[in-house]
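Listed below are the residues making up each chain.
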Amino acid sequence: MFSRNLLRTALQNKQLVNNWKQISIRHKSYTPINTVIMFVPQQEAWIVERMGKFHRILAPGLNILIPIADRIKYVQSLKEIAVDIPKQSAITSDNVTLSIDGVLYLRIVDAYLASYGVEDPEFAITQLAQTTMRSELGKISLDKVFRERESLNVSMVEAINKASEAWGMTCLRYEIRDIKLPQRVQEAMQMQVEAERKKRAAVLESEGVRAADINVAEGKRQARILASEAERQEQINKAAGEAAAIVAVAEARAKGLKIVAEALQGERGSNAASLSIAEQYVRAFDNLAKTSNTLILPANAGDISTLVTQALSVYSTVTKQQGHQRKMGFKKLLPLKPQDNLAEYFSDEDDLKKHQERLELEDKNVKPK
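First things first, this report covers the structure right here in the doc. Just so it is clear, the structure is predicted and the values come from calculations on it, not from any experiment. (Residues numbered from 1 in each chain as written. Predicted model: local features only at pLDDT ≥ 70, side-chain atom pairs only at ≥ 80, totals over all residues. Heavy atoms only, no water.)

Observations regarding the overall build of the chain
1) Next: Scanning the chain for helices and strands turns up nine helices and eight strands.
2) Next: In the chain, which comprises 369 residues, the proportion classed as buried is 21%.
3) Next: Pairs at least 24 apart in sequence give 61% of the contacts found in the chain among residues at least 6 apart.
4) Next: Surface summary for the chain: the accessible area is close to 27300 Å², and the carbon and sulfur share equals 56%. (Helix = DSSP H or I, 4+ residues; strand = E, 2+ residues; numbered from the N terminus. Buried < 20%, exposed > 50% of the residue type's maximum accessible area, 1.4 Å probe, protein only. Contact = heavy atoms within 4.5 Å. Areas by Shrake-Rupley, 256 points an atom, 1.4 Å probe, with all protein chains shown as cover.)

Quick notes on the sheet that holds strand β7 (residues 97–108)
1) Next: A sheet is described by the order of its strands in space; here three strands give the open sequence β6-β7-β8, paired in antiparallel fashion. Sheet topology places β6 (81–91) and β8 (169–180) at the edges, where each strand pairs with a single neighbour. Going across the sheet, the axis of each strand differs from the next one's by a mean of 25°, ignoring polarity.
2) Next: One ladder, built from 10 bridges, connects β7 with β8; its direction is antiparallel. Within β8, the position partnered with I108 by the bridge is M169.
3) Next: Taken strand by strand, helix α3 (residues 121–137) contacts β6, β7 and β8, and its axis lies near 35° from that of β6.
4) Next: Against the sheet, helix α5 (residues 149–163) makes contact with β7 and β8, and its axis sits at roughly 140° relative to β8, the strand it touches most. (Pairing = 2+ DSSP bridges. Axes fitted to C-alpha atoms, helices over the stretch in contact; angles between N-to-C directions.)

Concerning the side chain of N63
1) Next: Here N63 is to be found in strand β4 (residues 61–64).
2) Next: For N63, the side chain forms a polar contact with the main-chain oxygen of A59, separated by 2.8 Å.
3) Next: Within the structure, N63 has its side chain in polar contact with the backbone oxygen of G61 (distance 3.2 Å).
4) Next: When near neighbours in sequence (up to four residues on either side) are disregarded, N63 contacts V36, I37, M38, V40, R56 and L58. (Polar contact = N/O pair within 3.5 Å; in protein donor to acceptor, adjacent residues only side chain to side chain.)

Some details on the sheet that holds strand β3 (residues 53–58)
1) Next: The sheet built from three strands is open, its strands ordered β3-β2-β5 with antiparallel pairing. Two strands lie at the open edges of the sheet, namely β3 and β5 (70–77), each paired on one side alone. For this sheet, the mean angle separating the axes of adjacent strands, direction not counted, is 30°.
2) Next: One ladder, built from five bridges, connects strand β2 (residues 44–50) with β3; its direction is antiparallel. Considered in β3, the bridge of I47 is made with I57.

Describing the pairing of β6
1) Next: Across nine bridges, β6 lies against β7 in antiparallel orientation. The residue of β7 that forms the bridge with I81 is L106.
2) Next: The turn linking β6 back onto β7 is made up of five residues, and N95 within it adopts a positive phi angle of 60°.

Things to note about the pattern of salt bridges
A side chain of one charge can pair with a side chain of the opposite charge when the charged atoms of the two come close.
1) Next: One pass over the structure, following the stated rule, counts eight salt bridges.
2) Next: We note a salt bridge from R107 to E80, for which the minimum N-O separation is 3.9 Å. Highlighted residues: R107 in strand β7 and E80 in the loop between β5 and β6, separated in sequence by 27 residues.
3) Next: Looking at E80, the relative accessible area reads 33%, which means it is partly exposed.
4) Next: Between R221 and E218 there is a salt bridge, with its nearest N and O atoms 3.2 Å apart. Highlighted residues: R221 and E218, both in helix α6 (residues 183–264), separated by three residues, approximately one helical turn.
5) Next: Looking at R221, the relative accessible area reads 46%, which means it is partly exposed.
6) Next: On the basis of relative accessible area, E218 is assigned to the partly exposed category, the value being 37%.
7) Next: Connected through shared salt-bridge partners, E80, R107 and R173 make up one network. (Salt bridge = Lys/Arg side-chain N within 4 Å of Asp/Glu carboxyl O.)

Digging into the side chain of S164
1) Next: Turning to its location among the elements, S164 is positioned in the loop between α5 and β8.
2) Next: Since its relative accessible area comes to 0%, S164 is described here as buried.
3) Next: Here I160 takes part through its backbone oxygen, which lies 2.9 Å from a polar atom of the side chain of S164.
4) Next: Looking at S164, its side chain comes within polar contact range of the main-chain oxygen of M169, at 3.3 Å.
5) Next: Every residue in contact with S164, bar those within four places of it in the chain, is listed here: I125 and M169.

Just distances and angles here, no functional claims.
See the structure below:
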């Protein structure tokens, strides 16, 4: 067990040493020899010391130095530098361990502070980025790490710039490159995503069924309303047609009765009425056995003349009653007098005598004494 732990520690230290060597080799500063006439490249700053003390910073282009007294101590690149942040472990606020790495973009803004403010500015800012990342991740939960990735990068830049002002460097941006979760946490998140998708699918399916039921019910409702309106209009049209038919039949019957009445008042109206009644009598006997098996026949069914005579007597009786009603109505308007012909108003002789006596008595009482 001890040997295994020792081997693991040695491997980790070896990996750190290799990473540090790669960074040192890639960003190793070279110091040119003082040749009196110096040509400084663009986007570089050469720090010159005179007799061991800072003298000046050489600008790009032609520069002249004093031999032996002047020495180029540091060479700083003013270009933007991309620094790899090694993978590290961090714990979120909900106690989930993450393995995260990133890329940091830097630029030297003050060559003097970058040379004399810190021994190795890139190594210092790399360590600062790692510690700041652990601090920022400890403030948020696992879900917010993925949702607020952009805000996390901005917070990293602000925190690094506050600490790197004394080193003459500025952090332009920080990008999270890779986030690795534990296997169990990743499986739990996958199950959560699947459950959420199933839930959304069930909700969408239920909403579709609900919308379909509503559409079907709305369609049935509209169909019933239209059917009821059509039936109502049909009944209205039918009633209007029946009413018009009844009116037309009544008008035709009235005209027919008027013509019949005018014909009966003619010279041979009674003969025409007798002929019409006889025809109807014969037609009625023709249709007796067509609707049912039960027949009701008069005793003298073969005597047509007797039947015509009875029909004419009924007609004359009805005519006399209608004339009597018209005279009685006229009597109410004009009072009767004893000298009037009362036989026109009374068919019974006893009633006629009684009425004449009553009128004579009323006439005597009215005369003055």
